[in-house]
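Observations on the model geometry
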Amino acid sequence: MNKDWPLWEVFVRAKGGMSHRHVGSVHAPDAEIALRHARDTYTRRMEGVSLWVVPSASITASDPADDAANFDPAQDKIYRHPTFYDIPDDVKHI
Amino acid sequence: MIGTEPQSSPGFPGEGDHAKHGGGVEGAGARPLHHDASRRGPPPRSGEDLVLFETLLRLGDDSLILGQRLGEWCGHAPSVEVDLSLANMGLDLIGQATHFLNAAGAAEGQGRDGDALAFHRDVLDFRNCWLVEQPNGDFAQTMARMLLFSTWQEMLFGHLEGSKDATIAAVAAKAVKEVRYHAELSAEWVIRLGDGTQESRRRMAAGLDWMWRFVPELFETDALALEAAERGIGADPRKFRDDYDARIGAVLAEATLEAPREQRPILGGRRGHHGEHLGHLLAAMQYLPRTYPDATW
């Protein structure tokens, strides 16, 4: 039996209106303690106003072996970038 | 220290003092409110505010000594995350101590600042309660101490937010949020260790048993504390004794732990009576600034 605490991925919202962003991970025996550990590890310098923790085991990741099939086809689809539009000045966070 | 059983009570210097004076309000009347000649360190000049000075010392020394204790965990905690939790809480407490002791130095009016009070006083001049100087033991014992102290400190600071002393009110208002977290986190651990494995439960019960006899001192109200409360600068802890007992009782219930049996209380920290542990703590804490007075970093 693995005696280590399970791993949790930590997401921090830097300020209201922003998305939560992945910042790292913590070990913890359960979700409540994972939140405490995330708070003590990742928000001690005013980094955020909200925290999420997610069991790392719940994350389904793409297979690196499929990288070519997954990601290479996007390389020459430059028209998918919104670079041909003028973004109004008062639209933030793009 | 892991697995150490609580020591038996004989030999604690606070007990004799308590027995003689009966503790509480009546007993404290026997203690002079002004420095006597035998007391170490310079006496305050006439007219200095001794009640304010001693009130600030009690607040500052509680935070300072527990902050130092938590610092001892640095690099030794069960995991790096817990290491950070303990160090964060320790630094919160050292920050509180800095404010309180700087203010104490100002109230004393002898030119001593917080550093001078922290690093150049001897053990008999410390005014912290016995609970905070208790050794870390294992993690469960540390969490028992943290729960019992932080829950009290949160309630105390809640009252001190309304202090007529502007510094005490301001520090309490800021620090109450810090210690609320300390109380919550330690409650979480007490619940998990108590309602955990057979081994964690045994250790949690032993840790609580060690700390239990130091709780009554938190609610001791001597003449000085009473005068501070009457002047509106301090708080009378008896006002929140029932709330405290209910909060601790609720945590223990969730942890499926029995409250330890009542033990003979140990008192006297506020009058400078301390256990053998405090001197060792001070030796480690004060060694560097005493040996290298000009050291800076």
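In the block above lies the structure referred to throughout.
Figured I'd write up the structure that's included with this text. It should be emphasised that the depicted structure is a prediction, and the values quoted were computed from it without experimental measurement.

Side note on the overall build of chain A
Counting secondary structure elements, chain A contains two helices and three strands. Beginning at the N terminus, the succession of helices and strands in chain A can be written as β-β-α-β-α. By the compact-globule yardstick of 12 Å for 94 residues, chain A is too spread out, its C-alpha radius of gyration being 18 Å. Taken along its principal axes, the extent of the C-alpha atoms in chain A is 50 × 40 × 15 Å. Burial analysis of chain A (94 residues in total) assigns 15% to the buried set.

Describing helix α3 (residues 50–71) of chain B
Taking 1.5 Å as the rise per residue, α3(B) with 22 residues should run 32 Å; its terminal C-alpha atoms sit 31 Å apart, in good agreement. Buried residues dominate α3(B), accounting for 20 of its 22 residues.

Structural notes on the pairing of strand β2 (residues 20–27) of chain A
Residues and elements named next belong to chain A. One ladder, built from seven bridges, connects strand β1 (residues 7–13) with β2; its direction is antiparallel. When the sheet's bridge partners are listed, R13 is paired in β2 with H20. Turn length for the β1-β2 hairpin, with the two strands adjacent in sequence and antiparallel, is six residues, and the turn residue G17 shows positive phi of about 95°.

Calculation rules
- Residues numbered from 1 in each chain as written.
- Chains lettered and ligands numbered in written order.
- Predicted model: local features only at pLDDT ≥ 70, side-chain atom pairs only at ≥ 80, totals over all residues.
- Helix = DSSP H or I, 4+ residues; strand = E, 2+ residues; numbered from the N terminus.
- Rg over C-alpha atoms; globule rule 2.2 N^0.38 Å.
- Buried ≥ 20, exposed ≤ 12 C-beta atoms within 10 Å, placed from the backbone.
- Expected span 1.5 Å × (residues − 1).
- Pairing = 2+ DSSP bridges.

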